Amino acid sequence: MEIRREQQRDIGAIAEVNRAAFPTPVEADLVDRLRQRAGSTLSLVADDAEAIVGHIMFSQVNLM
């Protein structure tokens, strides 16, 4: 298994991993919105024989 930065080709597999991990698609949709609107600070995938099996994304947040 390799931990590496997310690549454009991983986006569909990342959405599948996130949908499988949570009871609703809300979290997977949030990841997609963050990627599109805010950009991620760091997005990593767990790649097991070219299959994405895990994902973590860190993004900037403003707290008021």
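Being a predicted model, the structure only gives us computed values, none of them experimental.

1. A look at helix 1 (residues 11–21)
Part 1: Burial in helix 1 covers these residues: Ile-11, Ile-14, Ala-15, Val-17 and Asn-18. When helix 1 is viewed along its axis, its buried side chains cluster within an angular range of 160° and face the same direction. Opposite its buried face, helix 1 presents the exposed residues Glu-16 and Ala-20, each directed more than 90 degrees away.
Part 2: Elements in contact with the buried residues of helix 1: helix 2 (26–37), strand 2 (42–48) and strand 3 (51–58).

2. Quick notes on helix 2
Part 1: Under the 1.5 Å per step criterion, the end-to-end length of helix 2 is 16 Å for twelve residues, consistent within 8% with the ideal 16 Å.
Part 2: When helix 2 is considered as a whole, its buried residues turn out to be Ala-28, Val-31 and Arg-35. One face of helix 2 carries all of its buried residues, which in axial projection span an arc of 60°. Set apart from the buried face of helix 2 by more than 90 degrees, the exposed residues are Val-26, Gln-36 and Arg-37.
Part 3: Along its buried surface, helix 2 packs onto helix 1 and strand 3.

3. A short note on the environment of Met-1
Part 1: Within the fold, Met-1 resides in the segment before strand 1 (2–5).
Part 2: Between the alpha carbons of Met-1 and Ala-46 there is a distance of 6.7 Å; along the sequence they are 45 residues apart.
Part 3: The residues contacting Met-1, other than those within four sequence positions of it, are Ala-46, Asp-47, Asp-48 and Val-53.

4. Here's the deal with the confidence of the model for the protein chain
Part 1: Confidence in the prediction of the protein chain, expressed as mean pLDDT, is 90, and 97% of residues score 70 or more.
Part 2: Between the elements of the protein chain, mean pLDDT differs from a low of 88, seen in helix 2, to a high of 97, seen in strand 1.

5. Description of the packing of helix 1 against helix 2
Part 1: Interhelical geometry of helix 1 versus helix 2 gives an angle of 145° and a closest axis separation of 8 Å. Between helix 1 and helix 2, the residues in contact are Ile-11, Ile-14, Ala-15, Asn-18 and Arg-19 and Ala-28, Val-31, Asp-32 and Arg-35, respectively.
Part 2: Residue composition of the contact of helix 1 with helix 2, grouped by class: five nonpolar, one polar and three charged.

Calculation notes
- Residues numbered from 1 in each chain as written.
- Predicted model: local features only at pLDDT ≥ 70, side-chain atom pairs only at ≥ 80, totals over all residues.
- Heavy atoms only, no water.
- Buried < 20%, exposed > 50% of the residue type's maximum accessible area, 1.4 Å probe, protein only.
- Helix = DSSP H or I, 4+ residues; strand = E, 2+ residues; numbered from the N terminus.
- Arc of directions from axis to C-beta.
- Contact = heavy atoms within 4.5 Å.
- Expected span 1.5 Å × (residues − 1).
- pLDDT = per-residue confidence, 0-100.
- Axes fitted to C-alpha atoms, helices over the stretch in contact; angles between N-to-C directions.
- Nonpolar A, V, L, I, M, F, W, Y, C, P; charged D, E, K, R; others polar.

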